[in-house]
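The lines below spell out each chain.
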Amino acid sequence: MEYATSLNRVGSPAVEDPSVTASVWQDVLAQAVTGELIAVLNYTSLSEICDDPAEAAEAIEHADGERGHAVAFTAEGKKLGLEVASNVNGKYWSRLRASFLRQIEARDFIGCLIIQEIMLESFAVASYRRIGEVAPGSMGRTFAAIAAEEEEHIDHSLAILRAERAIDPAKFDDKMKSLHLDVMTTLAEMLAREDKDGHCEVCHGACVKDGLQRVGLSTAELRGVSLQHYVNTLDSLGLPGEMTLAWVTQLPV
Amino acid sequence: MGDTTAGLNNSAKSQPVEFALIAHQESWKAATDVLAVLRGPDLPPVPEDEIRNIFPWIPPRPICHIDYHSVMGHSSHGIYIDSFIPPDRLGPAHKAENVARVRAAAVCAINSGARIVSLGGFSSILIEGDVQLLPEQKETAFTTGNTLTVAFIVQGIRKMCELQDRAMRNATLLIVGATGDVGSGCARCLAPLVKRVVLNARSMERLTTLGQALTAEGTDVEIVTDLQQISMQVDIVICVASLESPSLLLGRLAPHAIVCDAGYPKNLSPSGELAGAVMFYGGLGQSVGDMIFQPDVHRVLHHHPFPNVAQGCMLEGMVLALEHRFEPYSRGRGFITPERVAEIEMLAAKHGVHLAPFYNAEGPIEDVISSGERHKA
């Protein structure tokens, strides 16, 4: 159940003529493509530390899937005559990648799953789903379809993580908290009302956040749906609700 | 994604959960204060405008554990679950979403193993009259907690009349929100004690039904849907209407009237003139025993100038847990009788839960009243 479905929505969805809001969609697509490319890199890295060949193959399959998503988003930009840039070295995305690589270096398969499948995918699924509701034409359908695909492949990882938590809940929760402070802090800063440290290095011009209202979106809403999806995912893993609430309240705004 | 209902940190507590309190914040100030405590003292507080952006997206979940130690030496362990209903979205337009939130909070309570669950504030209002909205449960009983709320309102009125040397038998009593569970319970308990009762609510049909029942028992009753239509001045007022925000304006008050605002959210508009009336917040109890909240959110969950004060509806669940009375004690509109009120009052007193000292927005008022001029009715 998504609460606040009608809350904080800035009102009317997409302007019918996307050329009016082209620059906004250009940046929304750029962020999506960059996120997908980060996922490609992360799954590729993950495949290299998997001891189980089946898990390695699955990681490679996921990487291919994420690459396909990046291609699909780029194609949607082209339909609007937009050049969709990407920058995996952008300020926030590179921090997220660095966080993941630390788990790779530690050969921590569970840590990798938590970052990619729980944290980054929560952000992707929830925000894509919402963007899919307001984006015009085939772009909206593409966001919605990719949101559904991303959500589907999380189930397998959730089963692995539940089994891991069952072995030692306290240890698992400590790890989750540590990764939360690292990764979710970056995501929260990325979705904060203002970029306190300057440009994100992905948007092609000024920050897209101010323009989101022109297409029926807002950073507050995207942050809200993402955190809600994340918290619900943690609930489904069995983490105590009062503990994850405290974590979320401690994120930067 | 499977069961996405929030779990509970049982590893932090060895005791089983016996009671759960489901509640929501009545103002953005209260919501901001709660999140500030959870955020911790080392981080800067989140501005209220950001809280308004974040709060509506939080799914229902426990926010603290409660250990309750009665003066009888009994203890009970429980949890406080916030449904995170946004304080400015309590109105009928959001009923479906709010019912979903309360249901999810109820599932949290069931999953925690709670044997008795109090449904505070709008949580009970949403479920009153349609118990089918509650999730299926076998081992968990739900109570609105309204019987103890009524008990404390009635006690408060009686005590205030005593402090003011007012003869209730000569008084006209107005109940705003009279057809609700709490309002109708107050009417049944107080009607035999006063000269005349004025019932106010939105539904003429429900007013007529309640009015006829009280008239049949010998009470002089007037029913009005518009407060401006009351035919004579009122001496005692109980405000228990389901309002989204404090917006009620009273008229036709007798000089030195007694006004009890027991609404959640509060009923009376801060801009309203009470023309010399004595106003206090009602429906509140105070525990002589210890209530220990972990994390310590008690001072922000219960904005009262006295320790261990809470709404009667919340305290009812704790008292029933201490008594091992895991039953739907307060079942919704129409079941609150003077006999049930007397029983829960007695059980509460047994465990050291009594009427809270009087206060209002200005602060404590009991000493002021006790030492001040008294008024003959």
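Residues numbered from 1 in each chain as written. Chains lettered and ligands numbered in written order. Predicted model: local features only at pLDDT ≥ 70, side-chain atom pairs only at ≥ 80, totals over all residues. Heavy atoms only, no water.

A. Local environment of empty space enclosed by the protein. Following the criterion strictly, the structure yields six cavities of 30 Å³ or more and no others. Its volume calculated, the largest cavity comes out at about 470 Å³. Gln 31, Trp 93, Phe 123, Met 190 and Leu 191 of chain A are, among the 32 residues lining the largest cavity, the residues nearest its centre. Listed by contribution, the elements that provide at least two residues to the lining of the largest cavity are α1 (22-49), α3 (91-105), α4 (109-134) and α8 (219-237) of chain A. For the lining of the largest cavity, the leading source of residues is α4 of chain A, giving eight residues. Residue classes in the lining of the largest cavity are distributed as 20 nonpolar, five polar and seven charged. In this structure, the second largest cavity occupies an estimated 130 Å³ of space. In terms of lining residues, the second largest cavity is bounded by 14 residues, among which Val 248, Thr 249, Leu 251 and Val 253 of chain A together with Ile 54 of chain B are the most central. Counting residues per element, the ones that place at least two in the lining of the second largest cavity are α8 and α9 (241-249) of chain A together with α1 (28-39) and α2 (48-54) of chain B. Its residues placed into classes, the lining of the second largest cavity shows eleven nonpolar, one polar and two charged. (1 Å grid on protein atoms, 1.4 Å probe; cavity = no way out; pocket = protein on both sides within 12 Å on 5 of 7 lines; lining within 4 Å. Points joined across faces, edges and corners; volume = space filled by probe spheres on them. Helix = DSSP H or I, 4+ residues; strand = E, 2+ residues; numbered from the N terminus. Nonpolar A, V, L, I, M, F, W, Y, C, P; charged D, E, K, R; others polar.)

B. Spotlight on the environment of Glu 189 of chain A. All names here are of chain A. Within the secondary structure, Glu 189 is located in helix α7 (residues 169-190). Sequence separation of Glu 189 and Lys 209 is 20 residues, and the distance between their C-alpha atoms is 12 Å. Beyond its immediate sequence surroundings of up to four residues, Glu 189 is in contact with Tyr 92, Arg 95, Glu 194, Asp 195, Lys 209 and Pro 252. Within the local environment of Glu 189, its side chain forms a polar contact with the side chain of Arg 95, the two groups lying 2.9 Å apart. (Contact = heavy atoms within 4.5 Å. Polar contact = N/O pair within 3.5 Å; in protein donor to acceptor, adjacent residues only side chain to side chain.)

C. View of the layout of surface pockets. Residue and element names in this part refer to chain B. The computed volume of the second largest pocket comes to approximately 800 Å³. Looking at the second largest pocket, it is lined by 39 residues, and the ones nearest its centre are Met 279, Tyr 281, Asn 360, Ala 361 and Glu 362. Counting only elements with at least two residues in the lining of the second largest pocket, the list comes to β11 (278-281), α8 (298-301), β16 (359-360) and α11 (366-371). With three residues, the single largest contributor to the lining of the second largest pocket is β11. Grouping the constituent residues of the lining of the second largest pocket by class yields 21 nonpolar, twelve polar and six charged.

D. Structural context of the pairing of strand β9 (residues 234-239) of chain B. All names here are of chain B. Of all the six residues making up β9, six are buried; the element is thus mostly covered by neighbouring parts of the structure. As defined by bridge partners, strand β6 (residues 172-176) adjoins β9 across four bridges and the pair is classed as parallel. For Leu 174, the partnering residue across the bridge sits in β9 and is Val 237. (Buried < 20%, exposed > 50% of the residue type's maximum accessible area, 1.4 Å probe, protein only. Pairing = 2+ DSSP bridges.)

E. Molecular detail of the packing of α3 of chain A against α7 of chain A. All names here are of chain A. Running from N to C, α3 and α7 cross one another at 170°; their axes reach a closest spacing of 9 Å. As summarised for this structure, α3 and α7 are arranged roughly antiparallel, according to the angle between their axes. Crossing of α3 against α7: the hand is left-handed. For the pair α3 and α7, the contacting residues are Tyr 92, Trp 93, Arg 95, Leu 96, Ser 99, Arg 102 and Gln 103 in the first and Leu 179, Asp 182, Val 183, Thr 186, Leu 187, Glu 189 and Met 190 in the second. Grouping the amino acids of the contact of α3 with α7 by side-chain chemistry returns seven nonpolar, three polar and four charged. (Axes fitted to C-alpha atoms, helices over the stretch in contact; angles between N-to-C directions. Parallel < 35°, antiparallel > 145°, perpendicular 65-115°, else oblique. Left-handed = near helix turned anticlockwise from the far one by under 90°.)

F. Spotlight on the side chain of Ser 122 of chain A. All names here are of chain A. Position of Ser 122 among the secondary structure elements: in helix α4. On the basis of relative accessible area, Ser 122 is assigned to the buried category, the value being 1%. In contact with Ser 122, other than residues within four places in its own chain, are Glu 117, Ser 226, His 229, Tyr 230 and Thr 233.

G. A nonpolar patch on the surface, seen in detail. A cluster of nonpolar side chains, Val 71, Met 72 and Val 288 of chain B, forms an exposed patch at the surface whose accessible area comes to about 280 Å². Assignment of secondary structure puts Met 72 of chain B in the loop between β2 (61-69) and β3 (75-82). (Patch = residues over 30% accessible without salt bridge, like charges linked within 9 Å, V, L, I, M, F, W, Y side chains within 5 Å. Areas by Shrake-Rupley, 256 points an atom, 1.4 Å probe, with all protein chains shown as cover. Salt bridge = Lys/Arg side-chain N within 4 Å of Asp/Glu carboxyl O.)

H. Structural view of the environment of Ala 56 of chain A. Residue and element names in this part refer to chain A. Structurally, Ala 56 can be placed in helix α2 (residues 53-79). Note on Ala 56: relative accessible area 14%, which makes it buried. Separated by ten residues in sequence, Ala 56 and Leu 46 place their C-alpha atoms 7.3 Å apart. Not counting the four nearest positions on each side in its chain, Ala 56 is found in contact with Ser 47 and Cys 50.

I. Spotlight on the pairing of strand β13 (residues 290-294) of chain B. All names here are of chain B. Taking every second residue as pointing to the same face, the buried face of β13 carries Met 291 and Phe 293, while none of Asp 290, Ile 292 and Gln 294 on the other face is buried. Of the pairings in the sheet, the one linking β2 to β13 comprises five bridges and is antiparallel in character. Bridge pairing links Ile 66 to Phe 293 in β13.

J. Summary view of the packing of α2 of chain A against helix α5 (residues 137-152) of chain A. Residue and element names in this part refer to chain A. Across the interface, α2 lies against α5 with an axial gap of 10 Å and an inter-helix angle of 170°. Between α2 and α5, the interaxial angle falls into the category roughly antiparallel. Facing Glu 66, His 69, Ala 72, Phe 73, Glu 76 and Lys 79 of α2, the residues of α5 in contact are Ser 138, Met 139, Thr 142, Phe 143, Ile 146, Glu 149 and Glu 150. For the contact of α2 with α5, a count of residues per class yields five nonpolar, three polar and five charged.

K. Examining the packing of aromatic side chains more closely. All names here are of chain A. One pass over the structure, following the stated rule, counts nine aromatic pairs over all chains. Judged by centre distance (5.2 Å) and plane angle (75°), the rings of Phe 73 and Tyr 128 are edge-to-face. Remark: Tyr 128 occurs in helix α4 and Phe 73 occurs in helix α2; sequence separation between them is 55 residues. Accessibility classification places Phe 73 together with Tyr 128 in one group, the buried group. (Phe/Tyr/Trp six-rings, centres within 6.5 Å; stacked < 30°, edge-to-face > 60°.)

L. A look at the pattern of salt bridges. Counted according to the given criterion, the structure contains 25 salt bridges over all chains. Asp 173 of chain A is paired through a salt bridge with Arg 165 of chain A; the nearest N and O atoms lie 2.8 Å apart.

M. View of the nonpolar core. One finds Ile 63, Tyr 80, Ile 153, Ile 157, Ile 175, Leu 199 and Ile 238 of chain B to be the most contacted residues of the largest nonpolar core, which totals 84 residues. The biggest single contributor to this core is helix α5 (residues 146-163) of chain B, with ten residues. In this structure, Tyr 80 of chain B is in contact with Leu 21, Ala 23, His 24, Gln 25, Arg 61, Pro 62, Ile 63, Cys 64, Ile 66, Leu 301 and Met 314 of chain B, ignoring residues within four places of it in sequence. Ala 70, Ile 118, Ala 135 and Tyr 230 of chain A belong to the second largest nonpolar core, which has 76 residues in total. (Core = buried A, V, L, I, M, F, W, Y, C linked by side-chain atoms within 4.5 Å.)

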